[in-house]
Amino acid sequence: MHETAQTAIGRTVRLHTDFASALARVTEALKAEGFGVLTEIDVQETLKKKLGVDFRPYKILGACNPPLAYRALSVAPEVGLLLPCNVVVAQVEDGVIEVSLVDPLAMLGVLAYADLKPVAADAAARLDRVAASLSS
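All figures in this text were calculated on a predicted structure; none of them were measured in a lab. (Residues numbered from 1 in each chain as written. Predicted model: local features only at pLDDT ≥ 70, side-chain atom pairs only at ≥ 80, totals over all residues. Heavy atoms only, no water.)

## Observations concerning the state of the cysteines
Part 1: Considering all chains together, one arrives at zero disulfides under this definition.
Part 2: Lacking any disulfide linkage, C64 is separated from the closest cysteine sulfur, that of C85, by 7.7 Å.
Part 3: Residue classification places C64 among the buried residues on the basis of a relative accessible area of 15%.
Part 4: Residue classification places C85 among the buried positions, given a relative accessible area of 12%. (Disulfide = S-S within 2.5 Å. Buried < 20%, exposed > 50% of the residue type's maximum accessible area, 1.4 Å probe, protein only.)

Shown next, in the form of structure tokens:
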């Protein structure tokens with residue numbers, strides 16, 4: 001069983017699996033919608049290294065769909081401040097992983113460019129399909 005929740009800035013899907021499997025599944029689901037992972041921030045490792053604290057497995061993936069990024073940057077170069085689309089894969093407890101996907105419409109809503117809305121809507125639809133594929 002997979003639960004999905006909508007937040008003000010995105011959507012979260014709860015998976016019942018291990019962290020490595022969830023990470024692989026998310027990466028493949030993103031790839032199926034034309035997103036590549038440009039960056040991967042290992043928060044657990046960083047907090048251990050920088051602060052000496054233990055933290056749960058938690059990775060921030062910077063997902064990019066190059067055609068969508070190009071369209072958005074062509075309309076408003078400052079949209080680069082909001083790119084790439086972040087996806088968080090976080091262990092909640094053993095065997096329970098939360099995958100949070102940003103809502104591009106919410107993020108791009110801070111910019112007053114009507115021409116960005118179709119790009120954001122396309123990205124949002126793709127990320128909705130990623131969430132749906134993870135929920136199945």
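The structure having been displayed, the exposition proceeds.
## Things to note about unusual backbone geometry
Part 1: Residues L83 and P84 are joined by a peptide bond in cis, for which omega reads -5°.
Part 2: Residue position: P84 is located in the loop between α3 (66–75) and β5 (85–93). (Helix = DSSP H or I, 4+ residues; strand = E, 2+ residues; numbered from the N terminus.)

## Comments concerning the nonpolar core
Part 1: Formed by 22 residues in total, the largest nonpolar core has its most connected members in V26, L30, V87, V89, V99 and L134.
Part 2: Of all the elements in the fold, those that place two or more residues in this core are β2 (10–15), α1 (19–32), β4 (58–64), β5, β6 (96–102) and α5 (117–135).
Part 3: By residue number, the principal contributor to this core is α1, which donates six residues.
Part 4: V26 has contacts with L61, V87, V89, V99 and L134, leaving out every residue within four places of it along the chain.
Part 5: L68, A72, A76 and V119 belong to the second largest nonpolar core, which has nine residues in total. (Core = buried A, V, L, I, M, F, W, Y, C linked by side-chain atoms within 4.5 Å. Contact = heavy atoms within 4.5 Å.)

## A short note on the packing of α3 against α5
Part 1: It is at 9 Å that the axes of α3 and α5 come closest, and there the two elements cross at 155°. By the angle between their axes, α3 is roughly antiparallel relative to α5. Two packed elements cross with a definite hand, and for α3 against α5 that hand is left-handed. Mapping the contact onto sequence places L68, R71 and A72 in α3 and P118, V119, D122, A123 and R126 in α5.
Part 2: Grouping the amino acids of the contact of α3 with α5 by side-chain chemistry returns five nonpolar, no polar and three charged. (Axes fitted to C-alpha atoms, helices over the stretch in contact; angles between N-to-C directions. Parallel < 35°, antiparallel > 145°, perpendicular 65-115°, else oblique. Left-handed = near helix turned anticlockwise from the far one by under 90°. Nonpolar A, V, L, I, M, F, W, Y, C, P; charged D, E, K, R; others polar.)

## Here's the deal with the sheet that holds β5
Part 1: The six strands lie next to each other as β1-β2-β6-β5-β4-β3, forming an open sheet whose pairing is antiparallel. The outermost strands of the open sheet, each flanked by one partner alone, are β1 (3–6) and β3 (36–42). When strand polarity is set aside, the average angle formed by the axes of neighbouring strands in this sheet is 20°.
Part 2: Here α1 sits on the sheet in contact with β2, β3, β4, β5 and β6, set at roughly 160° to β5. (Pairing = 2+ DSSP bridges.)

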